[in-house]
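# Chains, contacts and geometry: an overview
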Amino acid sequence: MDRKERFFGKNRIVVKIGSSSLTHKYTGYLNFNQVEKLARVLCDLRNQGMEVVLVSSGAGAVGRKTMGYLGRPEELPVKQALAAVGQAKLMMTYQKIFSEYNQVVAQILMTKTTMLNADSRRNARNTFDELLKMGVIPIVNENDTVATHEIEFGDNDRLSAIVAAVIHADLLVLLSDIDGLYEDDPRTNPDAAFIPEVEEITDGLREMGKGTTGSSVGTGGMSAKIVAARMATDAGIDMVITNGEDVENLYRVLDGEQVGTLFLAHKNKDFDLMEYLTAY
């Protein structure tokens, strides 16, 4: 597969970055250097004429550190309160750093309930379209302060695929704490084979995507990323998983370099986002 040719002309890009790629590994505090690099790359893509949407994790992690929590609380009201604190601080940080590059950003907090309603879904699409026309970079997260177990997306991997489908994106890139998809967990099996390209998401592939995460701050493991890939590719959107430690991997992906795992789009004529929203 000639990625350079395949990615030529892709203009509407959704980028998801996980908590582990935004925070320091040993302390859990926000990595300002990493946030600055991310902002610089996304602003540069905007300056090239691309339409960029950022789906950002990190609110919970930032909230816990801000309020002095050492671990993850179990109580839902506490988790939601910490997410509210963290979301405000995270957006303040994004706004400050993006403004240094003269880039306007907007916050969009989504809920599964919103997506399940056809009118709300259409309104969300229209809002994204208008923001992108204005040259704004929307920054998206789940509205954790009101979500419950029954109505939550579950993780931002799935949310990013839903956003990509709603706005008819050309490409979804998941910036993760791993280089891509392996046949086994490379953290525990150093001989695990890397998979550079996936044409079809099979039952065997879903089994390989063990529901684990290598981070103490993230919520999505490889299984969530494979679910996201299935949503995106069925919607006709190519998806790439690549390592977010070096955010310039975004340039390499768009330049067609062989970085990360590429999940090839195969537009499903029967694609129905509602089915995915209710199934996962």
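You'll find the structure just up there.
Scope of this entry: the structure provided in the associated data block. (Residues numbered from 1 in each chain as written. Predicted model: local features only at pLDDT ≥ 70, side-chain atom pairs only at ≥ 80, totals over all residues. Heavy atoms only, no water.)

Moving on, we come to the pairing of strand 2 (residues 51-56). The buried fraction of strand 2 is high, at six of six residues. By the alternation rule, side chains of strand 2 split into Glu51, Val53 and Val55 and Val52, Leu54 and Ser56, which are all buried. Pairing geometry for strand 1 (residues 12-17) and strand 2, over six bridges, is parallel. If you follow Ile17 over to strand 2, its bridge partner there is Ser56. Each parallel crossover has a hand, and for strand 1 linked through helix 2 (residues 32-47) to strand 2 it is right-handed. Of the pairings in the sheet, the one linking strand 2 to strand 4 (residues 137-142) comprises two bridges and is parallel in character. Following the sheet pairing, Leu54 is matched in strand 4 by Ile139. (Buried < 20%, exposed > 50% of the residue type's maximum accessible area, 1.4 Å probe, protein only. Helix = DSSP H or I, 4+ residues; strand = E, 2+ residues; numbered from the N terminus. Pairing = 2+ DSSP bridges. Right-handed = clockwise from strand over helix to strand, strands pointing away.)

Counting buried residues along strand 9 (residues 238-243), six of its six residues qualify, which places the element largely inside the surrounding structure. Of the two faces of strand 9, both are covered, the one formed by Asp238, Val240 and Thr242 as well as the one formed by Met239, Ile241 and Asn243. Taken together, the six bridges between strand 5 (residues 171-176) and strand 9 define a ladder with parallel strand orientation. Note on strand 9: the bridge partner recorded for Leu171 is Asp238.

Looking now at the environment of Phe8. Locating Phe8 in the fold gives a position in the loop between helix 1 (3-7) and strand 1. Its relative accessible area of 74% is what places Phe8 among the exposed residues.

What follows is about the nonpolar core. Counting residues in hydrophobic clusters, the biggest one holds 46 residues, and the most contacted among them are Val14, Val140, Val163, Leu172, Met239 and Phe263. Ignoring any residue separated from it by four or fewer positions in sequence, one finds Val163 in contact with Val14, Val53, Val55, Met110, Phe128 and Val140. In this structure, Leu22, Val35, Ile137 and Leu254 belong to the second largest nonpolar core, which totals 36 residues. (Core = buried A, V, L, I, M, F, W, Y, C linked by side-chain atoms within 4.5 Å. Contact = heavy atoms within 4.5 Å.)

Right, let's get into unusual backbone geometry. A positive phi angle is found at Asn102, which is not glycine, with a value near 60 degrees. Turning to its location among the elements, Asn102 is positioned in the loop between helix 4 (76-99) and strand 3 (105-110). A positive phi angle, near 55 degrees, is found at His168, a position not held by glycine. Its place among the elements puts His168 in the loop between helix 7 (156-166) and strand 5.

It is worth spelling out the sheet that holds strand 3 at this point. Taken in spatial order, the eight strands make up an open sheet running 3-4-2-1-5-9-10-8, and their pairing is mixed. Each edge of the sheet is formed by a strand with only one pairing partner; in this case those strands are strand 3 and strand 8 (197-198).

So, about the packing of helix 2 against helix 4. Closest axis-to-axis distance for the helix 2/helix 4 pair is 9 Å, and the angle between their directions is 55 degrees. The angle between the axes of helix 2 and helix 4 places the two elements in the oblique class. Of the two elements, helix 2 crosses helix 4, and the hand of that crossing is right-handed. Here Phe32, Val35, Glu36, Leu38, Ala39, Leu42 and Cys43 of helix 2 come into contact with helix 4, specifically with Thr93, Tyr94, Ile97 and Phe98. The class makeup of the residues in the contact of helix 2 with helix 4 is nine nonpolar, one polar and one charged. (Axes fitted to C-alpha atoms, helices over the stretch in contact; angles between N-to-C directions. Parallel < 35°, antiparallel > 145°, perpendicular 65-115°, else oblique. Left-handed = near helix turned anticlockwise from the far one by under 90°. Nonpolar A, V, L, I, M, F, W, Y, C, P; charged D, E, K, R; others polar.)

Keep in mind these values describe shape, not function.
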